[in-house]
Structure formats: structure tokens, C-alpha cells
Amino acid sequence: MLKRAVIKLSGEAIGSPTSSTGYDDLVVDSIVRQIIEVKHTGTQVALVIGGGNLWRGQQARPDMCRVKADQMGMLATVMNALYLSEAFSRQKQKAKVVTPITIGTMTSLYEKDMALEWMSQGIVLINAAGLGHPYFSTDTITALRAAELGADCVLYAKNVNGVYDKDPRNNVGALKFKTLSYNAALYRDLQVADMSALHLSRDAGIPSYVFGLNVPNSIALACAYPETGNLQGTYISVDVEEDYYAD
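Residues numbered from 1 in each chain as written. Predicted model: local features only at pLDDT ≥ 70, side-chain atom pairs only at ≥ 80, totals over all residues. Heavy atoms only, no water.

**Quick notes on the overall build of the chain**
Scanning the chain from N- to C-terminus turns up eight helices and ten strands. Taking 18 Å as the expected radius of gyration for a compact globule of 247 residues, we find that the chain reaches 17 Å, a close match to that expectation. In terms of its C-alpha atoms, the chain occupies a principal-axis envelope of roughly 50 × 50 × 35 Å. The burial tally for the chain puts 49% of its 247 residues in the buried class. Working note: accessible area of the chain is about 12100 Å², and carbon and sulfur atoms make up 51% of it. Counting 22 positive and 25 negative side-chain charges, the chain places the averaged centre of each group 4 Å from the other. (Helix = DSSP H or I, 4+ residues; strand = E, 2+ residues; numbered from the N terminus. Rg over C-alpha atoms; globule rule 2.2 N^0.38 Å. Buried < 20%, exposed > 50% of the residue type's maximum accessible area, 1.4 Å probe, protein only. Areas by Shrake-Rupley, 256 points an atom, 1.4 Å probe, with all protein chains shown as cover. Lys, Arg positive; Asp, Glu negative; His and termini not counted. Charge placed at Lys NZ, Arg CZ, Asp CG, Glu CD.)

**A word on the packing of helix H2 (residues 25-40) against helix H3 (residues 66-90)**
Following both chains from N to C, one finds H2 and H3 inclined at 60 degrees, their axes separated by 10 Å at the closest point. With respect to their mutual orientation, H2 and H3 come out oblique. For the element pair H2 and H3, the recorded crossing hand is right-handed. Residues Asp 25, Val 28, Asp 29, Val 32 and Ile 35 of H2 form the contact with H3, whose participating residues are Tyr 83, Leu 84, Ala 87, Phe 88 and Arg 90. (Axes fitted to C-alpha atoms, helices over the stretch in contact; angles between N-to-C directions. Parallel < 35°, antiparallel > 145°, perpendicular 65-115°, else oblique. Left-handed = near helix turned anticlockwise from the far one by under 90°. Contact = heavy atoms within 4.5 Å.)

**Some remarks on the pattern of salt bridges**
In this structure the tally under the stated criterion is eleven salt bridges. The partner of Arg 66 in a salt bridge is Asp 70, with the nearest N and O atoms 2.8 Å apart. You can see Arg 66 and its partner Asp 70 sitting in helix H3, four residues apart, about one turn around the helix. (Salt bridge = Lys/Arg side-chain N within 4 Å of Asp/Glu carboxyl O.)

**Quick look at the side chain of Thr 179**
When you line up the elements, Thr 179 lands in strand S7 (residues 177-181). In this structure Thr 179 comes out as buried when scored by relative accessible area, which is 11%. At a separation of 2.6 Å, a polar atom in the side chain of Thr 179 contacts the main-chain carbonyl oxygen of Glu 241. Among residues more than four places away in sequence, those in contact with Thr 179 are Leu 231, Tyr 235, Val 240, Glu 241, Glu 242 and Asp 243. (Polar contact = N/O pair within 3.5 Å; in protein donor to acceptor, adjacent residues only side chain to side chain.)

**Some words on the environment of Ala 147**
Tracing the backbone through its elements, the reader meets Ala 147 in helix H5 (residues 138-149). Taking the C-alpha atoms as reference points, Ala 147 and Ser 85, 62 residues apart in sequence, are found 23 Å from one another. Sequence-distant contacts of Ala 147, that is, excluding residues within four places in its chain, are made with Leu 200, Ala 204 and Ile 206.

What follows is the structure, given as C-alpha cells:
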């Protein structure tokens, strides 16, 4: 199992437009259960949560100020983080919501040494509000926190079960990568994560793992690789050879 993992969860992954709360509690409870399981095996976990289920700055009206749109997106991630924190609390698991900006008494201000101390105590760290600045995505803060906290891997939980050479939703013959180098992902512009995040992880020498959240026990399986060799998503590293899954 990984000793320390930073896991990126999109807002869309936990949201539901048909739910009275706006959240898919079956998914939320599954995420919480899996994280508790991997934590019991000794893995320290930090989450980074997006806000796309509530607000996406890219979908703002064209004449809206980009800074304000991004700030609204940051606040959306805080709402999601607080909801996740409450879900952990219901399962008797401690979780701390941390932000790079002060938000009254609702969150704690992120500080590296304190974050590592909390994680060493078995507390799940939930990072919200992105970097606290506009023009940066939650992919970037995920890669940054992984580098700062000395994570073994960056885990990207997505609604697609890995990285493909073409968009599998629009291309029937799209091929799924088993392994991929950061340089290849950047050169091919495969939309794994934003380019600043990939550059950061590559330069820090931290691998990334892209997997589908809808696969049963996907988070637990992701944290167990490469120890188990059970690769279901796409593993990205500095010097790994490019390889595809068989048809």
C-alpha cells in the first residue's frame, strides 16, 4: 500500500442533479468507506476536492470577470469539502478541511508541518479553495500538495477509467494506456490533467495514477498498486515505457 497519497476528487463525482441535497450520498459514502479502509492499512490520505457540481468558472457568462468566476469556484470546493467532512464524521473518522485562505472558523489554514502532523495521527486532510488564486485549477493544487507532503503517488479519480489516446466517449476505437510517461502525456496533450500539474509532478518525480471512480473499490485498488500489480487505470511516471491494454 502507498504510505501517503493525495487523491483528487472532482465535484461532479460526488454531485447529483436529481438529489434533494445536490450530492450522491451513495458515492460519497463509498468514497468515505474506501478511504477509511486504506487508512487502516497504514496509508495517510489527503484529498483535493473540486467544485464542478456547484459551479465551474469556465461556464460563466462570457462577460463575467474571470477572477470572480474562479473565486466562486473556490467557494464551491469549500462547500463540497465541508459535506465530505461531515460524511467522515458520521463514520467516526476525523477529517480536517484546510484552505490556503482564511475562511473564518469553518476551515483551518493550510500549513505543511501541521498537515503532516494531522495525517500522521490518522486524520484525513481535505484540501479546498484550490490555491486561493484565480487561473489555477484543482489539478495544480493536487500536484503541489503531493510534492509538498512527499506523497508516493497522485491519484486522479475520474469518470473515465484511465487515459486514452482519443476521447473514448466519441471514438469507438480509442486505445487505453496502461502506462505512460509524463513527457508523452504532455507532448500528446492527452488532457490527463492540466499541463502545470503534469510538469510539477514530473519535476518532483512523483507518479500519477488515473482511474475510474465508478469501479468497485477503485480507491482501495489504486492505493494498493504497484504493490499488488493490479493495474486497472493508467500509471504515469517519469521514465516508464508507453504501453496499452490489449483489446
